[in-house]
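Okay, here's what each chain looks like letter by letter:
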Amino acid sequence: MRTDQILTRLERVFARLDREPERPAHLQTPRMSRHRVVLLGSTLAFYIAIVVAVLTTSWLVRLDWQVMFFRPYEQWPQLHAFLDYLVVLGQRGPTAVMVAAWLGWRSWRQHTLRPLITLGVALLLLNITVGAVKLGLGRLGPHYATEIGSAELFAGGDIFPSGHTANAVVTWGILAYLASTVVTRRVLSVVSAVVSLSVGATTVYLGTHWVSDVLLGWSAGLLVLLALPWCEPLISAIEARVFGLREQLRRRMEAGQVPAPLTGVLVPLLSAGGKWQFQGPVAPAEPAEQPAPASGHAPAPRPAAHIPSRPHLIRSERTPLTPTGSRRPAHGERAAARAAARPVAGG
């Protein structure tokens, strides 16, 4: 793709985002309601219970070993090829790209950066919370277990909780969180729940995670989604900051503080939509004329610049003028002069 085509597409995107963020009347920002607080507290209690059950090597750890010895991938080998593709819906890279593309289109249509910023904040919270627990507990997976019946904690692993499961909950659940209508939010909630449950069960089938890993991954992802309304002020502040930086860049360009090559690239983008037109750097104002003195007398005229005259030379010092061309007469004239100078001989 050529550079001018890329700039043309970016101009269309900035043309939609050029005006101030406008949120449709039916698009309401989720708030931390009492119902959501109850769900958050219940999910947090379930999260803590799973961690305690694994730390104490309770019945949940025995269930993990029983499922591992059952080896589902050997019981139903015909599902292996399909589930290898299904588990990709929980990988952070591919799912983040797909969801970011959809939310980018939403941002373009709704003239706001909130969907993309919300996705970024949610993934950041997920990486911090899940990553900290993974590294802190250091649990080994079923394929690397060393002692039967052990919880395999603090052994340098990183599979508790399941990152695939938690990522599926957050990545697909963010679509329901940002839905425009109640009906759409309910439908997308069901779809995201089915996808996240399928991804978690697939990891158990493939033998890459314990059952307790998946349970904790579901609760970890749900905690991030339920806590997002508390992050709404931060999301709004980031959005306002981005648009503020754009206005600062425009003012710097008008003041001539941006290099010319960079200005040539940014002007088509920042002036898209017709709201801001780049007029070029502002030239410095001419110095104003000095006002006349209060006494009423006209100001004295400026003295004319003195041009020194050339010194007078006497005739002997002057350079003689040399005629152009040769002083020697032509050949025909010389022959005629010689003939005229000869004496005439008598008969």
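The preceding data block contains the structure.
Predicted model, so just to flag it, every value in this text is computed and none were measured. (Residues numbered from 1 in each chain as written. Predicted model: local features only at pLDDT ≥ 70, side-chain atom pairs only at ≥ 80, totals over all residues. Heavy atoms only, no water.)

Participant: Outline the overall build of the protein chain, supporting the account with residue identities and numerical values.
Facilitator: Helix and strand counts for the protein chain come out as 13 helices and zero strands. When the helices and strands of the protein chain are placed in sequence order, the string is α-α-α-α-α-α-α-α-α-α-α-α-α. Buried residues in the protein chain amount to 35% of all 347 residues. Sequence separation of 24 or more characterises 76% of the internal contacts of the protein chain that already satisfy a separation of 6 or more. Summed over its atoms, the accessible surface of the protein chain is roughly 22,300 Å², and 64% of this surface lies on carbon and sulfur atoms. (Helix = DSSP H or I, 4+ residues; strand = E, 2+ residues; numbered from the N terminus. Buried < 20%, exposed > 50% of the residue type's maximum accessible area, 1.4 Å probe, protein only. Contact = heavy atoms within 4.5 Å. Areas by Shrake-Rupley, 256 points an atom, 1.4 Å probe, with all protein chains shown as cover.)

Participant: Any chance you could break down the environment of Ala96 for me, citing the residues and the numbers?
Facilitator: By the secondary structure assignment, Ala96 is in helix α6 (residues 92–110). Note: C-alpha distance between Ala96 and Leu123 (27 residues apart in sequence) is 8.7 Å. Not counting residues within four places of it along the chain, the set of residues in contact with Ala96 comprises Leu119, Leu123 and Thr171.

Participant: Account for helix α8 (residues 163–177), naming residues and giving values.
Facilitator: Between its first and last C-alpha atoms α8 spans 20 Å; for 15 residues at 1.5 Å apiece the expected length is 21 Å, and the two agree. Most of α8 sits inside the fold, with 14 of its 15 residues counted as buried. (Expected span 1.5 Å × (residues − 1).)

Participant: Pulling in residues and values, what's your account of the packing of helix α2 (residues 34–55) against helix α10 (residues 211–227)?
Facilitator: Packed helix pairs are characterised by how far apart their axes lie and by the angle those axes make with each other. Axis separation between α2 and α10 bottoms out at 9 Å; the angle between their running directions is 150°. The orientation of α2 relative to α10 falls into the category roughly antiparallel. By crossing handedness, the relation of α2 to α10 is classed as left-handed. Across from Arg36, Leu39, Leu40, Thr43, Leu44, Phe46, Tyr47, Ile50, Val51 and Val54 in α2, the residues of α10 making contact are Ser212, Leu215, Leu216, Ser219, Ala220, Leu222, Leu223, Leu225 and Leu226. Broken down by class, the residue content of the contact of α2 with α10 amounts to 15 nonpolar, three polar and one charged. (Axes fitted to C-alpha atoms, helices over the stretch in contact; angles between N-to-C directions. Parallel < 35°, antiparallel > 145°, perpendicular 65-115°, else oblique. Left-handed = near helix turned anticlockwise from the far one by under 90°. Nonpolar A, V, L, I, M, F, W, Y, C, P; charged D, E, K, R; others polar.)

Participant: I'd love a proper account of the packing of aromatic side chains, names of residues and values included.
Facilitator: With the rule as written, the count across this model stands at four aromatic pairs. Centroid distance Trp65 to Phe69: 5.7 Å. Interplanar angle 40°. Geometry classified as tilted. With Trp65 and Phe69 both in helix α3 (residues 59–70) and four residues apart, the pair spans about one turn of that helix. You can call Phe69 partly exposed: its relative accessible area is 41%. (Phe/Tyr/Trp six-rings, centres within 6.5 Å; stacked < 30°, edge-to-face > 60°.)

Participant: Talk me through the environment of Thr203; I want residue IDs and the actual numbers.
Facilitator: Structurally, Thr203 can be placed in helix α9 (residues 182–206). In contact with Thr203, not counting residues within four places along its chain, are Val87, His164, Thr165, Thr208, His209 and Val214.

Participant: Can you tell me about the pattern of salt bridges, naming the residues and giving the values?
Facilitator: The final tally for this structure, using the stated rule, is four salt bridges. Taking the shortest distance from any N to any O, the salt bridge between Arg246 and Glu247 comes out at 3.5 Å. Taken together, the salt bridges that share partners define one network made up of Asp64, Arg139 and Asp213. (Salt bridge = Lys/Arg side-chain N within 4 Å of Asp/Glu carboxyl O.)

Participant: Please give an account of unusual backbone geometry that cites residues and values.
Facilitator: Each neighbour pair has its own omega, and for Phe160 with Pro161 the value is 5°, a cis peptide bond. Structurally, the position occupied by Pro161 is in the loop between α7 (114–137) and α8. A positive phi angle is found at Glu152, which is not glycine, with a value near 60°. For Glu152, the location among the structural elements is in the loop between α7 and α8. A positive phi is found at Phe154, a non-glycine position, where the angle reads about 55°.

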